[in-house]
Amino acid sequence: MSSGVNGFEIRPARATEFETIGALTVSVYLGEGHVHPDSPYLAELLDTATRARSAEVLVAVRDGEVLGSLTVAEPGTPYADIARPDELEFRMLAVAKAARGQGIGGALVGAVLDAARVGGYPAVILTTMETMADARRIYERIGFVHVPERDWSTGSGKPLTVMRFALRTPGPARVE
């Protein structure tokens, strides 16, 4: 996986990058007010090594610098919060503030859509929050739609929004 746009590459994260990915994810979620400083969720965001044992962690890098990351979880695995059997889920999208506006978030999400196609999943699902305006713009631009009947709340009562992207399934060849 790679992107010729702006010279960054999207690929599975390497163990040597886990600490940087965790720190980036915490800095985005905490620094932008998505997570309270006392939240136990911060430890989960920081612990990329544990995530990588049961989910795929993708990273965007340029010249060895980690620019962004997300976690891809298959249904029924520990990091799949909401995925049904026919949905691939992704979580924890984080793009460094200095790298925003370069297509990194969209490229990471695009890699998930590609993985869903390869894996035979007809849909991709995610959870987001109202405060995640930048990420929500990416999701909406790509074509994710709000699925209000699946919205839920954290243990502390913070409302979460579920969005879904239905992949087009190839139909029969069109003959004219």
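To keep things clear, this report deals only with the structure shown in the data block. (Residues numbered from 1 in each chain as written. Predicted model: local features only at pLDDT ≥ 70, side-chain atom pairs only at ≥ 80, totals over all residues. Heavy atoms only, no water.)

1. Some remarks on helix H1 (residues 18-31)
And then number 1: Over its 14 residues, H1 runs 19 Å from end to end, which matches the ideal 20 Å to within 8%, given 1.5 Å per residue.
And then number 2: Inspection of H1 places Phe-18, Ile-21, Gly-22, Leu-24, Thr-25, Val-26, Val-28 and Tyr-29 among the buried residues, and these make up the whole buried set.
And then number 3: Check the buried side of H1 and you find it contacts helix H2 (41-46), helix H3 (48-54), strand S2 (56-62), strand S3 (65-73) and strand S4 (87-95).
And then number 4: Following H1 by one or two positions, Gly-33 has its phi on the positive side, about 80 degrees. (Helix = DSSP H or I, 4+ residues; strand = E, 2+ residues; numbered from the N terminus. Expected span 1.5 Å × (residues − 1). Buried < 20%, exposed > 50% of the residue type's maximum accessible area, 1.4 Å probe, protein only. Contact = heavy atoms within 4.5 Å.)

2. Points about helix H4 (residues 104-119)
And then number 1: Between the first and last C-alpha of H4 there are 23 Å, a value that for 16 residues agrees with the 22 Å anticipated at 1.5 Å per step.
And then number 2: Turning to H4, its buried residues number three or more, namely Ile-104, Gly-105, Leu-108, Val-109, Ala-111, Val-112, Leu-113 and Ala-116.
And then number 3: Downstream of H4 by a residue or two, Gly-120 has a phi angle that is positive, lying close to 80 degrees.

3. Comments concerning the pairing of S3
And then number 1: Most of S3 sits out of view: eight of its nine residues are buried.
And then number 2: Joining the antiparallel neighbours S2 and S3 is a turn of two residues, in which Asp-63 adopts a positive phi near 50 degrees.
And then number 3: As defined by bridge partners, S3 adjoins S4 across five bridges and the pair is classed as antiparallel. Residue Thr-71 lies in a different strand from S4, and its bridge partner there is Arg-91. (Pairing = 2+ DSSP bridges.)

4. Considerations on the side chain of Arg-136
And then number 1: Turning to its location among the elements, Arg-136 is positioned in helix H5 (residues 133-142).
And then number 2: For the buried Arg-136, no salt bridge exists, and the shortest N-O distance to an oppositely charged side chain is 4.7 Å, to Glu-140.
And then number 3: Once residues within four sequence positions are removed from consideration, Arg-136 is found in contact with Thr-128, Met-129, Glu-130 and Thr-161. (Lys, Arg positive; Asp, Glu negative; His and termini not counted. Salt bridge = Lys/Arg side-chain N within 4 Å of Asp/Glu carboxyl O.)

5. Description of the pairing of S4
And then number 1: Most of S4 is tucked away, with nine of its nine residues classed as buried.
And then number 2: With three bridges joining them, S4 and strand S5 (residues 123-128) adopt parallel strand pairing. When the bridges of S5 are listed, Glu-87 appears paired with Ala-123.
And then number 3: Regarding the hand of the β-α-β motif, the stretch spanning S4, H4 and S5 is right-handed. (Right-handed = clockwise from strand over helix to strand, strands pointing away.)

Remember, this is a structural readout, not a statement about activity or role.
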